[in-house]
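A closer look at the structure
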Amino acid sequence: MQQDLRVYNTKTRKKEVFNPITEGKVGMYVCGPTVYGDAHLGHARPAITFDILYRYFKYLKFDVCYVRNITDVGHLVGDADEGEDKIAKKAREEKIDPFEIAKQYTERYHRDIYALNVLPPDVEPRATQHIQEQIEATQQMIDNGFAYEVNGSVYFDLEKYNEKYNYGELSGRILDEMQNNTRELDGQSDKKNPLDFALWKFAEPEHLMKWDSPWGIGYPGWHLECTAMSTKYLGKHFDIHGGGLDLMFPHHECEIAQGNACNHEEPANYWMHNNMITINGQKMGKSLGNFITLEEIYNGDHKLLENKYSPMTVRFFILQAQYRSTLDFSNDALGAAKKGFNKLMNALRALEGFEYIHNGEETNEKQEKVIDSAVNGCLRAMNDDMNTAVVISHLFKLTKIINQINMNTLPIGALSAEKFELMKTTFITFTKDILGLKDEMPTDLLPSIYNALERYKTAKEVKDYDSVDAIRAELKEISIVVKDMKHKIDWAYEE
RNA sequence: GGUCUCAUGGCCGAGUGGCUAGGCAGUGGUCUGCAAAACCAUCUACAUCGGUUCGAAUCCGGUUGAGACCUCCA
């Protein structure tokens, strides 16, 4: 069964068959974090969503180049013309150099995100290391007549742009309507038009992150780094641009405008946006102050958390929803995800331990059909705009068969060798390689588990039930459960 | 106010014109020294009012409710 991968393109608001610009190759750019605080649950979603896409492209044997940036220039807290740089603000609060702030939070971001088994991108460019490229892009836009300089700052000229292009296409906005809705800014703005956005900002003497430029000392505007870096690493025109839905406007809209203004072409063919994670139905976000950091989730250290949740539980939780749906956080939901994830890991471990033997059993056609339908279902779901929730549902169908084999209620030989292999490869590939789920058991714990099981077995044989119960309790302490089956004794994660 | 989404069983969450998504929780069984795990069976659904259709949770319209973006945000 071969089928095309279809992805939802925000630009056309349709699912489209993915056609790469160059046969067999994919370039994807995803907006990474602005590093002025710890990564929260919301940051985990795009990291995981596009990790899945990256992994799936690799699975499909594409030669993929994945670029995810780190924005380590703070930009502005408030209004586009006034206010303080976010990183500078944090630096002042913590009394450290802003570059040090960015460095620290970048490290913490990596620590918390990589715990989620997210693959590192091929390139992870930083805005501060691409100042020259941003200056050049700005100059290019001035030269092309789409930007103007005022008092040491350079702004994008939307009016000019709109004579030739159509600003607002991605987010379905119309420039005129936006202008009518824009409240008049107080004070003396340098901009010709309130909607014009900064490409380069003049830096006041007290501003700490600043660089020399043809327009004087300043720093780059927010949207510019993505244009400069995506162009540098993926070219003027590449396949996929991703990020959170909240970046659609204005960030991605501005990137499109900058791409056209610089390079005379739009940066990306497909725009993909993951939806938000909500908490009590409300968006979780830094600006709303209702976020839970990943570190807090892992440690259970937040007033809203009834438990700590492992990185893989978080990953599984996120994958149980399609990436374009909002996903609501709750302890119940995380708790259910934890159990579901353990169930999957128990099946994975059992499956990896199976040895196929055929003893002349009759083929169980019903179960073989379940395998076929689940295998096809996994592929179909991934091809249908990365529906990981449906992939997981099919993996649970296979889990049932795996458990039946493990419990000896379904002889392994009731499946043909090919069917068993098909199930095994599919289950393992989708669970580990594509969904990126992994067993979290520290390997140094295994010897003591097997030791406990040995003692359990002996105690059982002599009907020393007090010891049996004690060993059960002992293992339960580390969330391990004894599986006391007719034909063997094994352990499993507590679900 | 403008633009746009969404409303599914106790909870989370897929799906989309006719065919049981799945997980968690519940109930009844099988198994067990008792359990657990697992398996089998099973109960709760498609906000509301109309329309289209042989048939709608799924399409169309109204109503109600929730959310997102319009300012920095994953």
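Scoring rules and cut-offs
- Residues numbered from 1 in each chain as written.
- Chains lettered and ligands numbered in written order.
- Predicted model: local features only at pLDDT ≥ 70, side-chain atom pairs only at ≥ 80, totals over all residues.
- Heavy atoms only, no water.
- Helix = DSSP H or I, 4+ residues; strand = E, 2+ residues; numbered from the N terminus.
- Contact = heavy atoms within 4.5 Å.
- Areas by Shrake-Rupley, 256 points an atom, 1.4 Å probe, with all protein chains shown as cover.
- Lys, Arg positive; Asp, Glu negative; His and termini not counted.
- Charge placed at Lys NZ, Arg CZ, Asp CG, Glu CD.
- Polar contact = N/O pair within 3.5 Å; in protein donor to acceptor, adjacent residues only side chain to side chain.
- Near = heavy atom within 4 Å.
- Nonpolar A, V, L, I, M, F, W, Y, C, P; charged D, E, K, R; others polar.
- Domains from an automatic or database assignment.
- Buried area = accessible area lost by both parts, 1.4 Å probe.
- Disulfide = S-S within 2.5 Å.
- Buried < 20%, exposed > 50% of the residue type's maximum accessible area, 1.4 Å probe, protein only.
- 1 Å grid on protein atoms, 1.4 Å probe; cavity = no way out; pocket = protein on both sides within 12 Å on 5 of 7 lines; lining within 4 Å.
- Points joined across faces, edges and corners; volume = space filled by probe spheres on them.
- Pairing = 2+ DSSP bridges.

**Description of the overall build of chain A**
Along chain A, the regular secondary structure elements total 16 helices and 15 strands. By its C-alpha atoms, chain A is 90 × 50 × 35 Å across when sized along the principal axes. When contacts within chain A are restricted to residue pairs at least 6 apart in sequence, long-range pairs at least 24 apart make up 74% of them. Roughly 22,500 Å² of accessible area belongs to chain A as shown, and the carbon and sulfur atoms make up 47% of that amount. If the 58 positive side-chain charges of chain A are averaged to one point and the 76 negative ones to another, these points end up 6 Å apart.

**Let's talk about the side chain of Asp-157**
In this structure, Asp-157 sits in the loop between strand S6 (153–156) and helix H5 (158–164). In this structure the side chain of Asp-157 is engaged in a polar contact, spanning 3.2 Å, whose partner is the backbone nitrogen of Lys-160. Here Asp-157 is in contact with Phe-146, Ala-147, Tyr-148, Lys-192 and Asp-196, once residues within four sequence places are set aside.

**Quick look at the protein's contact with RNA strand B**
Around RNA strand B, a shell composed of 62 residues is seen, among which Trp-222, Lys-283, Met-284, Arg-472 and Glu-495 lie nearest. By atom count, sugar and phosphate contribute 66% of the portion of RNA strand B lying within 4 Å of the protein. Here a sugar or linking oxygen of RNA strand B sits 3.2 Å away from a polar atom, N or O, in the side chain of Asp-246. Contacts to RNA strand B include Gln-322, whose backbone N or O atom sits 2.8 Å from a phosphate oxygen. Among the secondary structure elements, those contributing two or more residues to the surface near RNA strand B are helix H1 (41–59), strand S9 (238–244), strand S13 (327–329), helix H11 (331–353), helix H13 (388–406), helix H16 (465–477) and strand S14 (480–484). Per-element tally for the surface near RNA strand B: the top contributor is H13, with eight residues. Here the surface near RNA strand B is built from residues that sort into 22 nonpolar, 20 polar and 20 charged.

**Remarks on unusual backbone geometry**
Keep in mind that most residues, glycine aside, have a negative phi and that most peptide bonds are trans. The omega angle of the peptide bond from Phe-249 to Pro-250 is 0 degrees, so this bond is cis rather than trans. Counting through the fold element by element, Pro-250 comes out in helix H8 (residues 248–263). Its identity is not glycine, yet Asn-280 carries a phi of approximately 50 degrees, on the positive side. With respect to the helices and strands, Asn-280 occurs in the loop between strand S11 (277–279) and strand S12 (282–283). Phi at Ser-479 takes a positive value of approximately 60 degrees, unusual for a residue other than glycine. Relative to the elements of secondary structure, Ser-479 occurs in the loop between H16 and S14.

**Overview of the domain arrangement of chain A**
The domains assigned to chain A are domain 1 (6–274), domain 2 (282–434) and domain 3 (443–493). The centre of domain 2, based on its C-alpha atoms, is set 25 Å off from the matching centre of domain 3. On the side of domain 3, nine residues touch domain 2, which itself brings seven residues to the contact. When the buried area of domain 2 at its contact with domain 3 is split by residue, Asn-346, Arg-349 and Asn-406 rank highest and sum to 63% of it.

**Points about the state of the cysteines**
Scanning all chains against the criterion turns up zero disulfides. Its sulfur unpaired, Cys-65 is 15 Å from the next cysteine sulfur, which belongs to Cys-226. A relative accessible area of 24% means that Cys-65 is categorised as partly exposed. No disulfide involves Cys-254; its sulfur sits 11 Å from that of Cys-226, the nearest cysteine.

**Digging into the layout of surface pockets**
Approximately 610 Å³ is the volume found for the second largest pocket. Ser-310, Lys-338, Asn-342, Glu-440 and Ser-479 are the residues nearest the centre of the second largest pocket, which is lined by 23 residues in total. When residues of the lining of the second largest pocket are traced back to their parent elements, those giving at least two are helix H10 (311–319) and H11. Among the elements that make up the lining of the second largest pocket, the one with the highest residue count is H11 (five residues). Taken together, the residues of the lining of the second largest pocket sort by class into eleven nonpolar, six polar and six charged. Each of two domains, domain 2 (282–434) and domain 3 (443–493), supplies a minimum of three residues to the lining of the second largest pocket.

**Things to note about empty space enclosed by the protein**
Enumeration over the complete set of coordinates arrives at four cavities of 30 Å³ or more. The space that makes up the largest cavity amounts to roughly 70 Å³. Contributing to the lining of the largest cavity are Arg-45, Ile-48, Thr-49, Ile-52, Ile-318, Leu-319, Ala-321, Tyr-323, Met-386 and Thr-388. Residue assignment for the lining of the largest cavity shows that the elements contributing at least two residues are H1 and H10. Looking at the lining of the largest cavity, the element that brings in the most residues is H1, giving four residues. Residues that form the lining of the largest cavity fall into these classes: seven nonpolar, two polar and one charged. Looking at the lining of the largest cavity, you find at least three residues from each of domain 1 (6–274) and domain 2 (282–434).

**Some words on the sheet that holds S12**
With respect to topology, three strands assemble into an open sheet ordered S12-S11-S13, the strand pairing being mixed. Strands at the two margins of the open sheet, each flanked by one partner only, are S12 and S13. The pairing of S11 with S13 spans three bridges and is classified as parallel. In the strand pairing of S13, Thr-278 is matched with Asp-328.

**Some thoughts on the pairing of S14**
Summarising the sheet, S14 and strand S15 (residues 489–493) pair through five bridges and their orientation is antiparallel. Its bridge partner lying in S15, Ile-480 is registered against Tyr-493. What sits between the antiparallel neighbours S14 and S15 is a turn of four residues.

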